[in-house]
Every structure is written in C-alpha cells, then in structure tokens.
Amino acid sequence: MRINKIVIKNFKGIRDVTLDLSKHPNGKFYTFVGLNESGKTTILEAISNFCYGKDPIITSKSETLGKVDYPDMIPIFARGNFNDTISISFTVSLSQGDHNYLLYKLKEKYSWIKNIKTNNPFSVRNEIVFSDSKFKPSPRIWDLDLEIREDKKYSKFKKIGDARNEIWQDSATILQDLFPDIIYFPSSIFDFPGRIYI
C-alpha cells in the first residue's frame, strides 16, 4: 500500500495542509524542511496520531513516545472554545500484491468469492469532533467501495453495501494491516530511543 496524499485540518497550529506524496512515486523517504516553528513537528504529530491514536507508540520505564492528548490537538487559535472537527486524512493506493492479499484473506473466510474490485486510490480519515472544547472521537472513516464476484458461472461483480456489511468490515480490517508503518520519534536526535522498529 502506498500513501499518495495526507490532508491535515485543524490540528494544533495547522488550519489546513495537504502533502502530495504522489509527485515522486518511487520515493520511500520524505524530508520536511522549514524554518523553526513552521509546523514540521506538528505535521509529524498529526501523522503519528492517525497511525496510532493517542496511545503511545513505545512505552518503557524511561520513555513514552508518540502520545498526543486530545485537548492538546485543539488548534492554538481556538483553545478557549473549540467547536469544530480535527481531521487527518490519508489517500492510499493498493498495489497488485495488496489486491491479491486482500482477495486471499477474504477467501479464507468466504470461500465462494472469486474476485474483488476496490476503488483505487481511496481515502481513510480520522475525525475528532469537539463541542465546547470537549472531544468526541469517531471511528475511522473509510471511503472504500468494494465489489465482489461470486465463484459461479456467469456471475457479475456486485457492490457490497457499506460499513455495516460484514465483508466490507473484514476488508477494512485486512487493509488496515497493510498500512505502511510510520514511526515518529519526537526527540531522537538528542535522546535516542531504546528501540527502533524496521
């Protein structure tokens, strides 16, 4: 799975920013360059929040990395009374290998499936809705269209409903596992973490 675009809205000091990663499709590493206090760290915190929520990535006796509490996500300009939504959205595309893996995993449970189609690319979004500066986290929102073809003669692709459908839910769970690992170490230059996952 490849991340094509990241959109961050209302996260800490960021009102609205889009990172287009599709311009250099062969890149595996991206560098953020900018002045001090220009938002580089905030972007990394938002991405980390998308991947891991407010739970720490690594916890040990000496370190807790990657944790951002919900009240700390409220935009600086609206901390007094925030009534809006913080949104972090990833647009991703599946490789042929990802597609084959999804089909293989679905066939383990639903042996009658012959083939699948998905919209490619598709987006996945985390939203945290605030009312009077109190948060109401919502589930991850998938813009995923899924079609299934049964293993019957002359069968055609048929659209699977929405997130209430069990096959759709299983597909989203499988695709969640394919998300690229993004690890953010906020202080690795000065205080190197005890472990780095590769």
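Keep in mind that what you see is a predicted model, and the values were worked out from it rather than measured.

**Remarks on the pattern of salt bridges**
Overall, the coordinates contain eight salt bridges when judged by the stated rule. Here Glu108 makes a salt bridge to Lys105, at a shortest N to O gap of 3.3 Å. Placement of the pair is Glu108 and Lys105 together in helix α3 (residues 96-109), with a separation of three residues, close to one helical turn. Since its relative accessible area comes to 28%, Lys105 is described here as partly exposed. In this structure, Lys109 and Glu166 form a salt bridge, with 2.9 Å as the shortest nitrogen-oxygen distance. Of this pair, Lys109 sits in helix α3 while Glu166 sits in helix α4 (residues 166-178), and the two are 57 residues apart along the sequence. Exposure remark for Glu166: the relative accessible area of 48% places this residue in the partly exposed category. Several salt bridges converge on common partners, so that one network encompasses Lys109, Glu166 and Asp170.

**Things to note about α3**
The end-to-end C-alpha separation of α3 is 21 Å, in line with the 20 Å expected for 14 residues at 1.5 Å each. Looking at α3, one finds that the buried residues are Asp98, His99, Leu102, Leu103 and Leu106. Buried residues of α3, seen end-on, are gathered within an arc of 135° and therefore sit on one face of the element. Facing away from the buried surface of α3 by more than 90 degrees, the exposed residues are Gln96 and Tyr104. Those residues of α3 hidden inside the fold are in contact with β5 (85-93), β6 (113-118) and α4.

**Things to note about the confidence of the model for the protein**
Scored by pLDDT, the protein comes out at a mean of 80, with 80% of its residues at no less than 70. Per-element mean pLDDT across the protein ranges from 42 in strand β3 (residues 58-59) up to 94 in α3. This model gives residues 54-66 a pLDDT under 50, and the stretch forms 31 contacts once residues within four places in sequence are excluded.

**Examining the packing of aromatic side chains**
In total, this model carries six aromatic pairs according to the counting rule given. Centre to centre, the rings of Phe122 and Trp142 are 6.0 Å apart; their planes meet at 25°, and the pair counts as stacked. Remark: Trp142 occurs in strand β9 (residues 141-143) and Phe122 occurs in strand β7 (residues 122-131); sequence separation between them is 20 residues. Residue Phe122 is classed as buried on the basis of its relative accessible area, which comes to 2%. Each ring, one from Trp142 and one from Phe179, has its centre 6.2 Å from the other, and the planes form 85°; the classification is edge-to-face. Residue Trp142 is found in strand β9, and its partner Phe179 is found in the segment after α4; the two are separated by 37 residues along the sequence. For the pair shown, Trp142 and Phe179 are each scored as buried. The positively charged end of Lys117 is found above the aromatic ring belonging to Phe157, 4.4 Å away from the centroid.

**Observations regarding unusual backbone geometry**
Asn120 connects to Pro121 through a cis peptide bond whose omega is 10°. For Pro121, the location among the structural elements is in the loop between β6 and β7. Phi is positive for Lys12, which is not a glycine, with a value near 50°. In this structure, Lys12 sits in the loop between β1 (2-11) and β2 (14-20).

About the thresholds
- Residues numbered from 1 in each chain as written.
- Predicted model: local features only at pLDDT ≥ 70, side-chain atom pairs only at ≥ 80, totals over all residues.
- Heavy atoms only, no water.
- Salt bridge = Lys/Arg side-chain N within 4 Å of Asp/Glu carboxyl O.
- Helix = DSSP H or I, 4+ residues; strand = E, 2+ residues; numbered from the N terminus.
- Buried < 20%, exposed > 50% of the residue type's maximum accessible area, 1.4 Å probe, protein only.
- Expected span 1.5 Å × (residues − 1).
- Arc of directions from axis to C-beta.
- Contact = heavy atoms within 4.5 Å.
- pLDDT = per-residue confidence, 0-100.
- Phe/Tyr/Trp six-rings, centres within 6.5 Å; stacked < 30°, edge-to-face > 60°.
- Lys NZ or Arg CZ within 6 Å of the ring centre and 35° of its normal.

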